[in-house]
Amino acid sequence: MDNDIEKVLYSREEIAGAAKRIGKELTHDYEGRQPLVISVLKGAIFFTVDVLKEFDCYTDIDFVDVSSYHGGTESSGKVDLVREINTDIKGRDIILIEDIIDTGRTLEYMVNLLKQGGANDIKVCTLLDKPEGRVVDIKANYVGFNVPNEFVVGYGLDYNELYRNLPYVGILKPAVYQK
Ligand SMILES: O=P(O)(O)OC[C@H]1O[C@H](OP(=O)(O)OP(=O)(O)O)[C@H](O)[C@@H]1O
Ligand SMILES: Nc1nc2[nH]cnc2c(=O)[nH]1
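Calculation rules
Residues numbered from 1 in each chain as written. Chains lettered and ligands numbered in written order. Predicted model: local features only at pLDDT ≥ 70, side-chain atom pairs only at ≥ 80, totals over all residues. Helix = DSSP H or I, 4+ residues; strand = E, 2+ residues; numbered from the N terminus. Rg over C-alpha atoms; globule rule 2.2 N^0.38 Å. Buried ≥ 20, exposed ≤ 12 C-beta atoms within 10 Å, placed from the backbone. Contact = placed C-beta atoms within 7 Å. Near = placed C-beta within 6 Å. Nonpolar A, V, L, I, M, F, W, Y, C, P; charged D, E, K, R; others polar. Pairing = 2+ DSSP bridges. UniProt positions renumbered as here; feature names shortened; annotations may be inferred. pLDDT = per-residue confidence, 0-100. Axes fitted to C-alpha atoms, helices over the stretch in contact; angles between N-to-C directions. Core = buried A, V, L, I, M, F, W, Y, C linked by C-beta atoms within 7 Å.

### Remarks on the overall build of the protein
Per the secondary structure count, the protein includes 4 helices and 9 strands. Listing each helix as α and each strand as β along the protein from the N terminus yields β-α-β-α-β-β-β-α-β-β-β-β-α. For the protein, the C-alpha radius of gyration of 16 Å lies close to 16 Å, the compact-globule estimate for 179 residues. Seen through its C-alpha atoms, the protein measures out along the principal axes to roughly 50 × 35 × 25 Å. A buried classification covers 34% of the 179 residues belonging to the protein. In the protein, 69% of the contacts between residues at least 6 apart in sequence involve partners at least 24 apart.

### What about the site of ligand 1?
In the region of ligand 1, 19 residues are neighbours, and G43, Y69, D102, T103 and T106 sit closest. Every element with two or more residues in the shell around ligand 1 is listed here: strand 2 (36-41), strand 5 (93-101) and helix 3 (105-116). Looking at the shell around ligand 1 element by element, the count peaks at 4 residues for strand 5. Each residue belonging to the shell around ligand 1 can be placed in one class, and the counts come to 6 nonpolar, 7 polar and 6 charged.

### What about the sheet that holds strand 8 (residues 152-153)?
Read across the sheet, 3 strands follow the order 1-9-8 without closing on themselves; strand pairing throughout is antiparallel. What marks the edges here is a single partner per strand, and that holds for strand 1 (5-10) and strand 8. In this structure, strand 1 lies alongside strand 9 (residues 169-172), joined through 4 bridges in antiparallel fashion. In the sheet register, I5 faces strand 9, and the bridge partner there is L172.

### Structural notes on the UniProt feature "domain: Phosphoribosyltransferase" (unreviewed entry) in the protein
UniProt's entry tags residues 13-159 with the feature "domain: Phosphoribosyltransferase" (unreviewed entry), counted in the numbering of this structure. With 25% helix and 29% strand, residues 13-159 has its two end C-alpha atoms placed 23 Å apart.

### As for the confidence of the model for the protein
Per-residue confidence for the protein gives a mean pLDDT of 95; residues scoring 70 or more make up 100%. Reported confidences for the modelled complex are a pTM of 0.96 and an ipTM of 0.98.

### So, the sheet that holds strand 3 (residues 60-67)
Overall, mixed pairing links the 6 strands, which are arranged 4-3-2-5-6-7 in an open sheet. Two strands bound the open sheet, and with one partner strand each, they are strand 4 (80-83) and strand 7 (142-146). With direction set aside, neighbouring strand axes in the sheet form an average angle of 25°.

### Some words on the site of ligand 2
Neighbouring ligand 2 are the residues Y69, I100, D102, F151, V152, V153, L157, D158 and Y159. Taken together, the residues that form the shell around ligand 2 break down as 7 nonpolar, no polar and 2 charged.

### Comments concerning the nonpolar core
One finds F47, L96, I97, C125 and V169 to be the most contacted residues of the largest nonpolar core, which totals 42 residues. When residues of this core are assigned to their parent elements, the largest contribution, 6 residues, is made by strand 5.

### Focus on unusual backbone geometry
With the exception of glycine, most residues fall at negative phi, and the peptide bonds are largely trans. Residue K42 follows L41 across a cis peptide bond; omega there is -5°. With respect to the helices and strands, the residue K42 is situated in the loop between strand 2 and helix 2 (45-52). Of note in the backbone geometry, Y155 takes a positive phi value of approximately 50° without being a glycine. Counting through the fold element by element, Y155 comes out in the loop between strand 8 and strand 9. The phi dihedral of Y163 is positive, around 75°, even though this residue is not glycine. Counting through the fold element by element, Y163 comes out in the loop between strand 8 and strand 9. C-beta crowding within 10 Å serves as the criterion here: with 21 such atoms nearby, Y163 is assigned to the buried category.

As structure tokens, this is what we get:
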């Protein structure tokens, strides 16, 4: 897979550092509380695991699966709910974990879903933020890196379902898109 990568943007070590920093911030901010962590599948699985290992707090974990990039590099503009949240979120303090916020549509959808379910408080934690991609005015509370306006892969992020298992985040060579 390394041969398909044009440029590494964030190395394994840099990502581990960001996960540790955010895990420690969460530990400080949630002292004495019991938040529910919700990880947005599939992309956020790697970041969720690494942040949670640094989060010293009583917390339960659930997963939601939403999808709007159905192959290729462009958002379909419509967010599909593939797997619902199984935990009762009424009155809960939620930490939503994402891999990337780009257009902001997925996050907007998720925040509305959590509000409808009666969540008390919602905070968003993302490995990558791509502010130039935004079509919806929405922000995260905890950000690993601000990423340039490029389609990125690795560490959970896919291109046509591949490259999620790269241990770093990078940009694909143009030739890969022509395959
Ligand atoms: O801000 P947006 O433009 O909405 O993009 C962000 C979303 O896009 C990706 O999900 P995707 O729909 O590709 O599903 P996946 O995580 O299963 O790959 C990513 O994991 C985010 O959830
Ligand atoms: N893999 C991947 N998924 C995304 N979803 C929204 N933006 C991106 C991106 O840059 N890369």
